[in-house]
Amino acid sequence: MSEQSSSSETAEVRRPVLMVCLLVGLAALPDAMIPLALKAGVMDRWGVSPSSAHWFVAASLVGAFVAVPMLRRLQLRFGPGQLVGGAAMVNGLALVALWSPISFSAALGIRVVEGMADIVSLAVLLGLLEAGRQHKAGSRFGPAGLALMLGLASGAVIGGVSAPSIGGGVFLIGAAMCLLLALAATGWSHPLGLLADRQAKVSAAMAKSGQRSSLWPALTFAFGDRAIGAVVSVTATLYLVDELDRSSRFVGAAVGASLAILAIGAWPAGLLADRIGAMPVRVVSVVGYAGAFAALAAAPWMNMTAVLLVLVLLGVAGAGLYPTTLILASRAGGGPVDMGGVHAMGSLGYLIGIVGAGLMMAGDDGQYQAVLLFFATGYLLLNIPAVIKISSHVISPGDEAIGR
């Protein structure tokens, strides 16, 4: 009888997980549109410089860091459906305000508010996926990683295609996406509430059993992954097109294929982490990703097929990065607060990656290879202390009781 009850309870938890993953993908759409709309939607509209456009992007990062300390208090006061729905509405209203005739300085302030709302939505949703057994976390965070990356990719495509013709109107498209998220989160408030109750029980059990891990390794992973990811998406692409004079069509298709493989592979990578452990998957992914990234420095001596194979390897290796970061963050048992911190640190890493690569490129020409090798080496070194720390706290079979 107890076995049937446990099975029924597990099924009750699994059903809302797909809903959460769908909401995660929807939440990622609006924010991904803005970087692709900077030229038509920001620079041309307000007549600002590329430097000011970068500040426009960075303003949301300020909002993310402001919101993270507030998450625990918000979580105690409101249910997850209310939090996600309310944050989505605030985000949508902020995007409508950005579309309206306001000054650029006012737009920067609104971007801070938008960044706060955006991190609340994602942090709450990902925090709910802590509900369940620790040794099955990959089956929840793997599909969430796939949904997030597909959401980002879709948002980038929508922003890139629509911005040249409608300019600031892209903000209205983002607002419509936020409205859909708010309606869906409100309509699914009961399943989300079930996961929230489950997540609270899991966190309490982890605290009681002493199984909580440190959060800083996961924050380090998120920072490093996003930093090198920024260099992959910007500097490496420019390197292949500008320095090596490869066809922009080929480079775009190859990089797109690499990112697609990375996104699609997130789910199987999460399942593999459940079978052999998150740390082995993480270590292999880091070494493979850094190695493939460094191999791009040898692109001048490669033919197009070899470059494509390196980019495919980059996608395959990178598939294990995001799900393992979330799995390891979930072991800290902090729910939305920890997940918000992970995404805030990831955003900071992305900013540092862009700025760092830009500063290195500001000197003499032909610095692409040095940038690639520097970031590949730095990425490996950054991961070492976090890997050592996490390896000292391994989830044992006895931890299966956590989340029952």
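Throughout what follows, the structure given in this document is the object of discussion. Only a predicted model underlies this, so the values are computations on that prediction, with no experimental measurement involved. (Residues numbered from 1 in each chain as written. Predicted model: local features only at pLDDT ≥ 70, side-chain atom pairs only at ≥ 80, totals over all residues. Heavy atoms only, no water.)

### A few points about empty space enclosed by the protein
As a reminder, the rule being used: Cavity and pocket criteria rest on a 1 Å grid covering protein atoms alone: a 1.4 Å probe that fits but cannot get out defines a cavity, protein on both sides within 12 Å along at least 5 of 7 lines defines an open pocket, and an atom within 4 Å of a point defines a lining residue. Grid points are joined across faces, edges and corners, and a volume is the space filled by probe spheres set on the points. A run of DSSP states H or I qualifies as a helix once it reaches four residues; a run of E qualifies as a strand once it reaches two. Both are numbered from the N-terminal end. Residues are grouped as follows: nonpolar covers Ala, Val, Leu, Ile, Met, Phe, Trp, Tyr, Cys and Pro; charged covers Asp, Glu, Lys and Arg; every other residue, Gly included, is treated as polar.
Throughout the structure, instances matching the rule amount to 1 cavity of 30 Å³ or more. A volume near 30 Å³ is recorded for the largest cavity. As for the largest cavity, its lining consists of Ala27, Pro30, Ala88, Asn91, Asp118, Ser121, Cys178 and Leu181. Of all the secondary-structure elements, those providing two or more residues to the lining of the largest cavity are α1 (2-36), α5 (80-99), α6 (104-128) and α8 (170-187). Of the residues in the lining of the largest cavity, the class split is 5 nonpolar, 2 polar and 1 charged.

### Describing the packing of helix α7 (residues 138-166) against helix α12 (residues 266-276)
Threshold: Angles run from 0 to 180 degrees between N-to-C directions of axes, and those axes are lines fitted to C-alpha atoms, restricted for helices to the stretch in contact. Orientation labels follow simple angle bins: below 35 degrees gives roughly parallel, above 145 gives roughly antiparallel, 65 to 115 gives roughly perpendicular, and whatever is left gives oblique. The sense of a crossing depends on the near helix, which, turned anticlockwise from the far helix by less than a right angle, makes the crossing left-handed and, turned clockwise, makes it right-handed. In what follows, residue pairs with any heavy atoms lying within 4.5 Å of each other are defined as contacts.
For the pair α7 and α12, the least separation of the axes is 7 Å and the interaxial angle reads 165°. Relative to α12, α7 is oriented roughly antiparallel. Like other packed secondary-structure pairs, α7 and α12 cross with a definite hand, here right-handed. Contacts from Gly138, Ser139, Gly142, Pro143, Gly145 and Leu146 in α7 reach Ala266, Trp267, Gly270, Leu271 and Asp274 in α12. For the contact of α7 with α12, the residue count by class is 5 nonpolar, 5 polar and 1 charged.

### A closer look at the nonpolar core
Definition in use: Buried Ala, Val, Leu, Ile, Met, Phe, Trp, Tyr and Cys residues form a nonpolar core when they are joined through side-chain atoms within 4.5 Å. Throughout this description, buried means an accessible area under 20% of the type-specific maximum (1.4 Å probe, protein chains only), exposed means over 50%, and partly exposed covers the range between.
Core analysis: the biggest nonpolar cluster contains 118 residues, and Phe56, Tyr289 and Phe293 have the highest contact counts within it. Excluding residues that lie within four positions of it along the chain, Phe56 makes contacts with Ile34, Leu38, Val42, Trp46, Leu98, Phe104, Ala107, Leu108, Arg111 and Phe171.

### Observations concerning the packing of aromatic side chains
Centre distance and the angle of the planes are the two values used to describe a pair of aromatic rings. The test is simple: For Phe, Tyr and Trp, where Trp contributes only its six-membered ring, two rings pair if their centres lie within 6.5 Å, and the inter-plane angle classes them as stacked under 30 degrees, edge-to-face over 60, or tilted in between.
Tallied over the full model, the rule gives 7 aromatic pairs. When the centroid spacing of 5.6 Å and the interplanar angle of 35° are considered together, the rings of Tyr239 and Tyr368 count as tilted. Taken together, the residues Tyr239 in helix α10 (residues 216-243) and Tyr368 in helix α17 (residues 368-391) connect sequence positions 129 residues apart. The exposure classification of Tyr239 matches that of Tyr368, with both residues buried. Residues Tyr289 and Tyr379 carry aromatic rings whose centres are separated by 6.3 Å and whose planes lie at 65° to one another, so their mutual orientation is edge-to-face. Taken together, the residues Tyr289 in helix α13 (residues 278-295) and Tyr379 in helix α17 connect sequence positions 90 residues apart. In this structure, Tyr289 and Tyr379 share a single accessibility class: buried. These aromatic residues form a ring-pair network of at least three members: Trp46, Phe56, Phe104 and Phe171.

### Some thoughts on α10
Condition: Multiplying 1.5 Å by the residue count of a helix minus one yields the expected span of that helix. Values of bend correspond, residue by residue, to the angle between axes fitted over the seven residues ending at that residue and the seven starting there.
When the terminal C-alpha atoms of α10 are compared, their 38 Å separation across 28 residues agrees well with the 40 Å that a helix rising 1.5 Å per residue should span. Where α10 bends most, the angle comes to about 35°, and this point is Val232. Looking one or two residues past α10, Asp245 carries a phi angle of roughly 60°, positive in sign.

### Looking at the pattern of salt bridges
In plain terms, the rule: The working definition used for a salt bridge is a side-chain nitrogen of Lys or Arg within 4 Å of a carboxyl oxygen of Asp or Glu.
Evaluation of the coordinates by the stated rule reveals 2 salt bridges. Across the salt bridge formed by Arg111 and Glu114, the nearest N and O atoms sit 2.9 Å from each other. Separated by 3 residues within a single helix, Arg111 and Glu114 lie in helix α6, roughly one turn from each other. We classify Arg111 as buried; its relative accessible area is 2%. Across the pair Asp225 and Arg282 runs a salt bridge, and its minimum N-O distance is 2.9 Å. A residue pair is termed long-range when its members are at least 10 positions apart, and Asp225 in helix α10 and Arg282 in helix α13 qualify at 57 residues. According to the relative accessible area criterion, Asp225 is buried, its value standing at 12%. Residue classification places Arg282 among the buried residues on the basis of a relative accessible area of 0%.

Treat this as a map of the structure, not an account of what it does.
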